[in-house]
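Okay, here's what each chain looks like letter by letter:
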Amino acid sequence: MAAGISIKKFWKNANFRLKAGLFGTAFFLFLGYVVYYFPHDNPILFYTHTPRLLPNSVNWLGTTTLGQDIFWLLIESIHNSLTIGLIVATIGTVVGVFVGLLAGFTGGTVDRVLSVVTDTFIVIPSLPILILMASLMRGSATTIMMALVLSMFAWAWPSRQIRSMALSMKERDFIHTAWFSGEGTVQVIATEILPYALTWSLSNFMNATLVAIAAESGLAVLGLSPANLVSLGNMIQWARDRNAIFAEQWFWIGSPIVATVLLFIFLFLLITGYNDYLSMKRGR
Amino acid sequence: MKFRTYFVLRVFTCILTIWIGVTFIFFIPRMFPSDPVENMLGQIISRAGSMDPRELELMRSSLRVQFGMEGSLIEQYFSYLRRGLLRFDFGPSLMNFPEPAGNIIARNLPYTLFLALTATVFAWIIGNLIGLFAGFRKNKMSSRIMESIAICIYPIPYFIIALVLQIIFAFILGWFPLQSTIFHHGTFWDFFASLLKASVLPGISLMLIGTGWWIISMKSLSSTTAAEDFVLFARFRGLRESEIGWKYVFRNSILTQVTALALSLGGVFSGAIMTEIIFGYPGVGTLIQRAILQSDYNMILGTITISIVAISVSTLIIDLILPFVDPRIRYS
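All figures in this text were calculated on a predicted structure; none of them were measured in a lab.

### Here we look at the overall build of chain B
Working step 1: Helices and strands together make up the secondary structure of chain B, namely 12 helices and 0 strands.
Working step 2: Across its three principal directions, the C-alpha atoms of chain B cover 90 × 55 × 40 Å.
Working step 3: For chain B, the residues scored as buried account for 49% of the 332 residues in total.
Working step 4: Excluding contacts between residues fewer than 6 apart, the proportion of contacts in chain B whose partners are at least 24 apart in sequence is 73%.
Working step 5: Accessible surface computed for chain B: about 16700 Å², of which carbon and sulfur atoms make up 68%.
Working step 6: The average position of the 26 basic charges and that of the 19 acidic charges among the side chains of chain B differ by 12 Å.

So this is what it looks like as structure tokens:
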């Protein structure tokens, strides 16, 4: 009952962008994690259908030159791209919050060293380094390894934000009260600081998901994403490689492009909408 | 803090960034089980069929020298820092053997800088003007439409915009060639005209996304500034709206955007790399792609080192110019 009321209240206060973003992202999550499990032919196998079909009642988006069903290939790509994005965002957020809290609360030399490393990771151009690592792993890379590599650049920004948050919170009265009433550092962090940090981290989490999906698809266009990984970027790249543009197979090359564009716009609406919602709750 | 202290600190941070970056790209490849020399040898053996083991050993040691992999790890590291960072010498390129990788990069880098800088400057000016207008008169229909368009363009990855532009303007309409060609023979004007023609679509791809971001950020900045008391006071004094817009809102919001420009350079450079690859524009991006396809290890290391140096130095330059633009800056 209480949950129902707070959801209603949330919905009343939510702005248009937040609502649109929520709906859109939920739709993609539905495609990637519910529709994905509906029984269907393996879309990766060649010649399971007649090649080069236009959309019809069986193949909703037609088929590729290699006789793959485009609709299910797309669902598979959305599933894998979202999974990579979510893994990277999770690792980045957890490590970022941990490093940020550690730096902010320990202070002294630990803080200085961690801050220099964090700041460098924010400034260093990530794409060239990702290209280097991905080209070294070419052929042997797995989805998980790809996600780990992308995570290397996902923790720095949240870490810096959480550190400054920790620094300012350390001096607040209610934290002092908690210290004086005998709570240990770990307990103070877990019960007093984390709830604050998590509200902010949620917005960062969504942003990290978006950045990771973009980075993976960028590497895919360079031909550097694992060849056995069906992601949105790889689907576009394969269609390009197999001359889908020259053969004017617009559904093959177009559907992953449209899906990526929509996914990114919805995620971006969700992020900016959520940030506006937070600042409105803070009364600004 | 004095300007001199600020200057020294910023230069120091820049050097530190470059150092951590290149240390990273030196040690990362060595943590992977794959060895470029063995890969290369494997390719040669598979082509040659069989080889004399003594010759193979000779070849291995000479390749180790070419790849900068002789000596202990520490020796290799210092020789890489000395040769790579001070003299931009990364050894011979393998795809254009024996031309040094550094020379080829030096030939390609100006194209990327031309593309990225022109697009950045145009995007920054156009985006900030539209953003100012949209934030200052945020209740107008046209402001809302502009912002909505920006929100729908900015989050899209660079290569997708590039791909869509390529399909529409080069493939369907045929206004531009599918792949860029630049004439190096003929007069300077032949060269310049072909350069412009090759740069239009990649440039627009970069500009669209950049403009989107500057509209979004400037809109939120200028609408905050427009709500400040001193703007209200200016209205009470009876100043013209255009004067308030330029002298009060614009001048107070634009400085934040100069700082933001420095931070955006890394992203623009990455975007340029991706866009170049789609259009086959002859810059660093295309070079990286060819190097990856042909496993030109020296070239990959070289382009990436240069990218890190280029981005860090351009960020430094903007940061050092900033105090001259913003009288309020506190060198922090």
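So much for the structure itself; the text now carries on.
### Some remarks on the packing of helix α9 (residues 229-236) of chain B against helix α10 (residues 241-279) of chain B
Residue and element names in this part refer to chain B.
Working step 1: It is the contact of α9 with α10, at a shortest axis distance of 10 Å, that shows an interaxial angle of 160°. When the axes of α9 and α10 are compared, the pair comes out roughly antiparallel. Remark: the crossing between α9 and α10 carries right-handed chirality. From α9, Phe-230, Val-231, Ala-234 and Arg-235 reach across to α10, where they touch Glu-241, Ile-244, Tyr-248, Val-249 and Asn-252.
Working step 2: Of the residues assigned to the contact of α9 with α10, the class counts are 6 nonpolar, 1 polar and 2 charged.

### A word on the interface of chain A and chain B
Working step 1: Contacts between the two partners involve 39 residues from chain A, matched on the other side by 43 residues from chain B.
Working step 2: Roughly 3800 Å² is buried in total at the junction of chain A and chain B, and carbon and sulfur atoms are behind 87% of that figure.
Working step 3: Summed over the shared surface of chain A and chain B, the result is 1 salt bridge.
Working step 4: Measuring nitrogen to oxygen at the nearest pair gives 2.9 Å for the salt bridge that ties Glu-147 of chain B to Arg-17 of chain A.
Working step 5: Along the contact surface separating chain A from chain B lie 1 residue pair in polar contact (both at pLDDT 80 or more).
Working step 6: For the side of chain A that touches chain B, the secondary-structure elements that each account for two or more residues are α4 (108-123), α5 (126-137), α9 (185-221), α10 (232-241) and α11 (250-281) of chain A.
Working step 7: Tallied by class, residues from the side of chain A that touches chain B come to 30 nonpolar, 5 polar and 4 charged.

### With respect to the packing of helix α7 (residues 156-170) of chain A against α9 of chain A
All names here are of chain A.
Working step 1: Where α7 meets α9, the closest approach of the two axes is 11 Å, and the angle between their N-to-C directions is 150°. The orientation of α7 relative to α9 falls into the category roughly antiparallel. Between α7 and α9 the crossing geometry is right-handed. Mapping the contact onto sequence places Trp-157, Pro-158, Gln-161, Ile-162, Met-165 and Met-169 in α7 and Glu-192, Ile-193, Tyr-196, Ala-197, Trp-200, Ser-201 and Asn-204 in α9.
Working step 2: The residue inventory of the contact of α7 with α9, partitioned by class, reads 9 nonpolar, 3 polar and 1 charged.

### Topic: unusual backbone geometry
Residue and element names in this part refer to chain A.
Working step 1: The phi dihedral of Asn-243 is positive, around 60°, even though this residue is not glycine.
Working step 2: Note on placement: Asn-243 falls in the loop between α10 and α11.
Working step 3: Given the relative accessible area of 40%, Asn-243 is considered partly exposed.

About the cut-offs
- Residues numbered from 1 in each chain as written.
- Chains lettered and ligands numbered in written order.
- Predicted model: local features only at pLDDT ≥ 70, side-chain atom pairs only at ≥ 80, totals over all residues.
- Heavy atoms only, no water.
- Helix = DSSP H or I, 4+ residues; strand = E, 2+ residues; numbered from the N terminus.
- Buried < 20%, exposed > 50% of the residue type's maximum accessible area, 1.4 Å probe, protein only.
- Contact = heavy atoms within 4.5 Å.
- Areas by Shrake-Rupley, 256 points an atom, 1.4 Å probe, with all protein chains shown as cover.
- Lys, Arg positive; Asp, Glu negative; His and termini not counted.
- Charge placed at Lys NZ, Arg CZ, Asp CG, Glu CD.
- Axes fitted to C-alpha atoms, helices over the stretch in contact; angles between N-to-C directions.
- Parallel < 35°, antiparallel > 145°, perpendicular 65-115°, else oblique.
- Left-handed = near helix turned anticlockwise from the far one by under 90°.
- Nonpolar A, V, L, I, M, F, W, Y, C, P; charged D, E, K, R; others polar.
- Buried area = accessible area lost by both parts, 1.4 Å probe.
- Salt bridge = Lys/Arg side-chain N within 4 Å of Asp/Glu carboxyl O.
- Polar contact = N/O pair within 3.5 Å; in protein donor to acceptor, adjacent residues only side chain to side chain.

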